[in-house]
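Fold and contact review
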Amino acid sequence: MIPSPLQDMLNGHFDGQAFFTPEWFSRNADRQVESPHGRLLLASCRSSDYFARQVVEQYQRFLDQAGSRAELLFLDEIDFKFSDGETCVRLDVDVSGNDVFVFQALQDPRSDRTVDENTIALLTAVRAMREWGANRVTAVVPYLAYARQEKPTKFKREPTTAKLLADLLISAGIDRVLTFDPHFDTIHGFYRHVPVNSITSLKIFEKVFEDFRQQEDLIVVAPDAGVSKLVTYFSRQLKLKSAVASKYRPQPEEAAIAEVIGDFEDKSRALLLDDMISTGGTIYALANKLVEEKGIESLCVGVSHNLCQQEALERMRDLHDRGILRRLIVTNSIPQSDAFLELPFIETVDLSEIFTHLINRIHYNRSLAELL
Ligand code: R5P
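I will try to describe carefully the structure that is included in this document.

Rules behind the numbers
- Residues numbered from 1 in each chain as written.
- Predicted model: local features only at pLDDT ≥ 70, side-chain atom pairs only at ≥ 80, totals over all residues.
- Heavy atoms only, no water.
- Helix = DSSP H or I, 4+ residues; strand = E, 2+ residues; numbered from the N terminus.
- Contact = heavy atoms within 4.5 Å.
- Areas by Shrake-Rupley, 256 points an atom, 1.4 Å probe, with all protein chains shown as cover.
- Lys, Arg positive; Asp, Glu negative; His and termini not counted.
- Charge placed at Lys NZ, Arg CZ, Asp CG, Glu CD.
- Pairing = 2+ DSSP bridges.
- Axes fitted to C-alpha atoms, helices over the stretch in contact; angles between N-to-C directions.
- Near = heavy atom within 4 Å.
- Polar contact = N/O pair within 3.5 Å; in protein donor to acceptor, adjacent residues only side chain to side chain.
- Nonpolar A, V, L, I, M, F, W, Y, C, P; charged D, E, K, R; others polar.
- Phe/Tyr/Trp six-rings, centres within 6.5 Å; stacked < 30°, edge-to-face > 60°.
- Buried < 20%, exposed > 50% of the residue type's maximum accessible area, 1.4 Å probe, protein only.
- Expected span 1.5 Å × (residues − 1).
- Core = buried A, V, L, I, M, F, W, Y, C linked by side-chain atoms within 4.5 Å.
- Parallel < 35°, antiparallel > 145°, perpendicular 65-115°, else oblique.
- Left-handed = near helix turned anticlockwise from the far one by under 90°.

1. Remarks on the overall build of the protein chain
A count of helical and extended segments in the protein chain gives 11 helices and 15 strands. When contacts within the protein chain are restricted to residue pairs at least 6 apart in sequence, those whose partners lie at least 24 apart make up 71%. Total accessible area on the protein chain is roughly 19100 Å²; 50% of this is exposed by carbon and sulfur atoms. Computing the positive centroid from 42 side-chain charges and the negative centroid from 55, the protein chain places the two 4 Å apart.

2. Quick look at the sheet that holds strand β13 (residues 298-306)
Pairing is mixed across the open sheet formed by seven strands, whose spatial order is β11-β10-β9-β12-β13-β14-β15. Two strands lie at the open edges of the sheet, namely β11 (256-261) and β15 (346-349), each paired on one side alone. If you compare each strand with its neighbour and ignore which way they point, the axes differ by 25° on average. Of the strand pairs in this sheet, strand β9 (residues 218-222) and strand β12 (residues 269-277) are connected by four bridges, and their pairing is parallel.

3. Some thoughts on the site of the ligand
Not every one of the 14 residues close to the ligand is listed here, only the nearest: D274, D275, T279, G280 and T282. Between D274 and the ligand, the recorded distance is 2.6 Å, taken from a side-chain N or O atom to an oxygen atom. Between an oxygen atom of the ligand and a main-chain N or O atom of S278, the distance comes to 2.8 Å. Broken down by secondary-structure element, the contributors of at least two residues to the shell around the ligand are β12 and α8 (281-293). Looking at the shell around the ligand element by element, the count peaks at four residues for β12. A per-class count over the shell around the ligand returns two nonpolar, six polar and six charged.

4. A few points about the packing of aromatic side chains
In total, this model carries eight aromatic pairs according to the counting rule given. Judged by centre distance (6.1 Å) and plane angle (40°), the rings of F205 and F209 are tilted. F209 gets classed as buried once you look at its relative accessible area, which sits at 1%. A connected cluster of aromatic rings, assembled from ring pairs, spans Y50, F51, F103 and F355.

5. Brief notes about helix α5 (residues 161-172)
An α-helical segment advances 3.6 residues per turn. Residues three or four places apart therefore align on the same side. Compared with the 16 Å implied by 1.5 Å per residue over 12 residues, the 16 Å span of α5 between its first and last C-alpha is a close match. Of the positions making up α5, those classed as buried are T161, A162, L165, A166, L169, I170 and A172. Looking one or two residues past α5, G173 carries a phi angle of roughly 125°, positive in sign.

6. Remarks on the nonpolar core
Membership of the largest hydrophobic core comes to 42 residues, with the highest contact counts inside it found for I78, V102, L122, M129, I174 and Y191. Counting residues per element, this core draws most heavily on helix α4 (residues 115-131), at seven residues. Beyond its immediate chain neighbours, meaning those up to four positions away, I174 contacts V126, V137, A139, L169, Y191 and V194. If you look at the next biggest cluster of nonpolar residues, it comprises 39 residues, including L40, L72, F180 and L271.

7. A closer look at the environment of S337
Position of S337 among the secondary structure elements: in the loop between β14 (325-331) and α10 (338-341). Overall, the relative accessible area of 12% leaves S337 in the buried class. For S337 and E311, which are 26 residues apart along the polypeptide, the C-alpha to C-alpha distance reads 13 Å. Leaving out residues up to four positions away in the same chain, S337 has contacts with P109, R110 and C308.

8. Some points on the side chain of S48
The topology assignment puts S48 in the loop between β1 (40-44) and α3 (49-65). Every residue in contact with S48, bar those within four places of it in the chain, is listed here: F103, Q104 and A105.

9. Overview of the packing of α8 against helix α9 (residues 310-321)
Viewed as axis vectors pointing N to C, α8 and α9 meet at an angle of 25°, and their least axial separation amounts to 9 Å. The angle between the axes of α8 and α9 places the two elements in the roughly parallel class. Like other packed secondary-structure pairs, α8 and α9 cross with a definite hand, here left-handed. The residues of α9 that touch α8, namely those facing G281, I283, Y284, A287 and N288, are R315, M316, D318 and L319.

Interpretation note: all reported values are geometric properties and have no functional meaning in isolation.
This is the structure:
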């Protein structure tokens, strides 16, 4: 190499810096035993801070209970906006070689950030992790938005935006997705080589509604064919009768029930299960149909995701005020608005513990099957 003033200046720049060798790692092994995917790092975009913090607290508690000295790295609120509205992410720490779990609530009724803004924040966060050397990046999205746009409908020339979101996340650099009850089971196919681990609502509903086991006057009703499989498994498990409604949409976001198929003899109470409440139109139309035509006097509703829309709030209140709706069970897959949390008949299931266990297992390459 030809000596030069520039080279002279650079020589010695790295004096005293560690050069990593297999021996270095074995000498330092007592400091931190890492998973094959690198050091665990949980990071959260602003809309998911509420949930990520709960997972961090639980994870830390489990580490403490197990007598571990492992430190949990957590980066919160990693996204922000420039004055022109563009999203940016800055990472305050080196993420290279880390096993990163990026949390985002794509739907956040507690802020004025839209689904699209939250989606861009997630994509940007994933790309930041990827470009700055993360070893593996898992997107943690308890509610996977856009999943309802998974096929063309009878309305005009709609794209399969659920597939577009999958393409964007893959292009941003995700290695894995961890989610809860996405709108359709076959969503895995959209993510091609990227594993999608989805927690089903079945086990959660089974626990929540255990008191209903074998109650003769109660029937479980699926609002449409999409949720009938869940209702079939659920009702068999709890030894209950079930029925299915045939729903149609006269207009986008408008729900009507044509028929409810099932045996309602001696049934006065119903449990409606669905993957989500958006406008509340589905639950409202079905509840009215059951009361008007099937002899149902009261009902409970269990949904995986409540989008907290004003219209739904009014519809649920109306059903409750008329003495029909007794309990509304939702989860915190979406940060619930104060208006919903204040309803005297709502109960929220916390998902942070199951996400904590799944992250722990993914980090250490352990099977998830018994938890999903
Ligand atoms: C539809 O296929 C879903 O399973 C839900 O039933 C639907 O998204 C609920 O929407 P809304 O509350 O607006 O009727």
